[in-house]
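Coordinate analysis (summary)
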Amino acid sequence: MWNIYDLEPHIHSNVHLPRHNRFYQARIDSRYLKSGEGDFTKMPNLYMITITPYDPFGFDRMVYRVRNQCEELPDMPYEDGIRHFYFYTKGKKGGTPAIQAMLEYFQDSRAEKADSEVLKKIHQYVSHVKILPEVKDEYMHLEQYVWERVCVEVDQIRKELEEEVTAQVTEQVTAQVTEQVTAQVTQQVTEQVTAQVTEQVTAQVTEQVTEQVARECQINNILELLKDYGEPPAAVKQRLLKEKDPALLKKWLKLAAKSNTFEDFEAAM
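Let me sum up the structure you'll find in this document. (Residues numbered from 1 in each chain as written. Predicted model: local features only at pLDDT ≥ 70, side-chain atom pairs only at ≥ 80, totals over all residues. Heavy atoms only, no water.)

The number of helices and strands found in the protein is nine helices and four strands. Counted from the first residue to the last, the protein has its helices and strands arranged as β-α-β-β-β-α-α-α-α-α-α-α-α. Burial analysis of the protein (269 residues in total) assigns 34% to the buried set. Pairs at least 24 residues apart make up 67% of the contacts formed inside the protein by residues separated by at least 6 positions. (Helix = DSSP H or I, 4+ residues; strand = E, 2+ residues; numbered from the N terminus. Buried < 20%, exposed > 50% of the residue type's maximum accessible area, 1.4 Å probe, protein only. Contact = heavy atoms within 4.5 Å.)

All right, on to the side chain of Thr 50 then. Along the polypeptide, Thr 50 turns up in strand E2 (residues 45-52). Excluding residues within four positions of it along the chain, Thr 50 makes contact with Glu 8, His 10, Leu 17, Asn 21, Phe 85, Tyr 86 and Phe 87.

Position of Leu 33 among the secondary structure elements: in the loop between helix H1 (17-31) and E2. Taking the C-alpha atoms as reference, Leu 33 lies 9.4 Å from Pro 44; in sequence the two are eleven residues apart. Setting aside anything within four residues of it in sequence, one finds Leu 33 in contact with Asp 39, Phe 40 and Met 43.

Inspection of every chain in the model, using the stated rule, returns five salt bridges. Among the salt bridges present, the one from Arg 67 reaches Glu 79, with a minimum N-O distance of 3.6 Å. Taken as a pair, Arg 67 in the loop between strand E3 (63-66) and strand E4 (82-88) and Glu 79 in the loop between E3 and E4 lie far apart in primary sequence, twelve residues in all. Here Glu 79 falls in the exposed class, since its relative accessible area comes to 55%. Note that Glu 79 and Arg 83 form a salt bridge whose closest N and O atoms lie 2.8 Å from each other. Each of the salt bridges in this network shares a partner with another, and the network as a whole consists of Arg 67, Glu 79 and Arg 83. (Salt bridge = Lys/Arg side-chain N within 4 Å of Asp/Glu carboxyl O.)

Now for the nonpolar core. What tends to happen in soluble globular proteins is that the nonpolar side chains get buried as a cluster. Ile 222, Leu 226, Leu 240, Trp 252, Ala 256, Phe 265 and Met 269 are the most contacted members of the largest nonpolar core, which has 16 residues in total. Of all elements in the fold, only helix H6 (195-226), helix H7 (234-242), helix H8 (246-258) and helix H9 (262-268) reach the threshold of two or more residues within this core. Counting residues per element, this core draws most heavily on H8, which supplies six residues. With residues near it in sequence (within four places) discarded, Leu 226 still touches Ala 256, Phe 262 and Phe 265. Residues Val 63, Ile 99, Phe 106 and Ile 122 belong to the second largest nonpolar core, which totals 13 residues. (Core = buried A, V, L, I, M, F, W, Y, C linked by side-chain atoms within 4.5 Å.)

Next up on the list: the layout of surface pockets. Taken as a whole, the second largest pocket spans an internal volume of roughly 190 Å³. As for the second largest pocket, its lining consists of 14 residues, of which Met 43, Pro 44, Asp 80, Gly 81 and Ile 82 are closest to the centre. Mapped onto the lining of the second largest pocket, the elements with two or more residues apiece are H1 and E2. Class assignment for the residues of the lining of the second largest pocket results in six nonpolar, five polar and three charged. (1 Å grid on protein atoms, 1.4 Å probe; cavity = no way out; pocket = protein on both sides within 12 Å on 5 of 7 lines; lining within 4 Å. Points joined across faces, edges and corners; volume = space filled by probe spheres on them. Nonpolar A, V, L, I, M, F, W, Y, C, P; charged D, E, K, R; others polar.)

Moving on, we come to a nonpolar patch on the surface. Taken together, the side chains of Leu 73, Met 76 and Tyr 78 define a hydrophobic patch exposed on the protein surface, amounting to about 300 Å² of accessible area. With respect to the secondary-structure elements, Leu 73 resides in the loop between E3 and E4. Residue Leu 73 is classed as partly exposed on the basis of its relative accessible area, which comes to 49%. (Patch = residues over 30% accessible without salt bridge, like charges linked within 9 Å, V, L, I, M, F, W, Y side chains within 5 Å. Areas by Shrake-Rupley, 256 points an atom, 1.4 Å probe, with all protein chains shown as cover.)

For the rest of this paragraph, the subject is H1. Taking 1.5 Å of rise per residue, 15 residues should cover 21 Å, and H1 covers 22 Å from first to last C-alpha, within 8% of that figure. Restricting attention to buried positions, one finds in H1 the residues Leu 17, His 20, Asn 21, Gln 25 and Ile 28. Buried residues in H1, looked at end-on, bunch into an arc of 135°, giving them a common side. Facing away from the buried surface of H1 by more than 90 degrees, the exposed residues are Arg 19, Arg 22 and Ser 30. (Expected span 1.5 Å × (residues − 1). Arc of directions from axis to C-beta.)

Here it is in structure tokens:
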């Protein structure tokens, strides 16, 4: 069985977190079981992780771990696959030195606060997330204005990537079309060039360059998503670079956003 993680920072204390998480738990669960499916064991384990700069339960603990249990028999196993973790960044009780260091980093997310290999890796992810359009203008450390959604849902990531591809295509196509149109028009006609010839060549080159740049952008974004898992296997990279079908590349882009490992991605290609 595989695992799903939902990570949410909360800076406002006017949210009833248990019921808030109950709502989002239901939304997440609904995605992983097809209509009419009767085998509920196929549902993945779900870990709901909430980080707050305020104490959600008032006991000054760094972490509150919550799971369902039987009231009459608290020690009786009741495995529904759901775990809730509430992290209080200013908590003093419980936890470990590693958890305390992590929470201090969340409170003040500067590179110098990342003083362990784990925190350095987290800082790399944070630095990557900060460039996303919905985060970069609002991202500050928790005491001022921490991000509302560090882990963006897969659909939102896909949307941002598609917008990024569009912007890259527009910029690169403009430059390349101008250069190639000038070269081709000059070669085909000299002093008698007409608006009709220029328009025809421009349309042809624009289509060719647009397809080429869009393909390169999609491949680059797929590799960017996969690089968090290390260097892509040579076979995967070679297959990406050879693919020219834009529809298939778009499908792989969405797949890369959903995949947790190279094996997941390669198996579903």
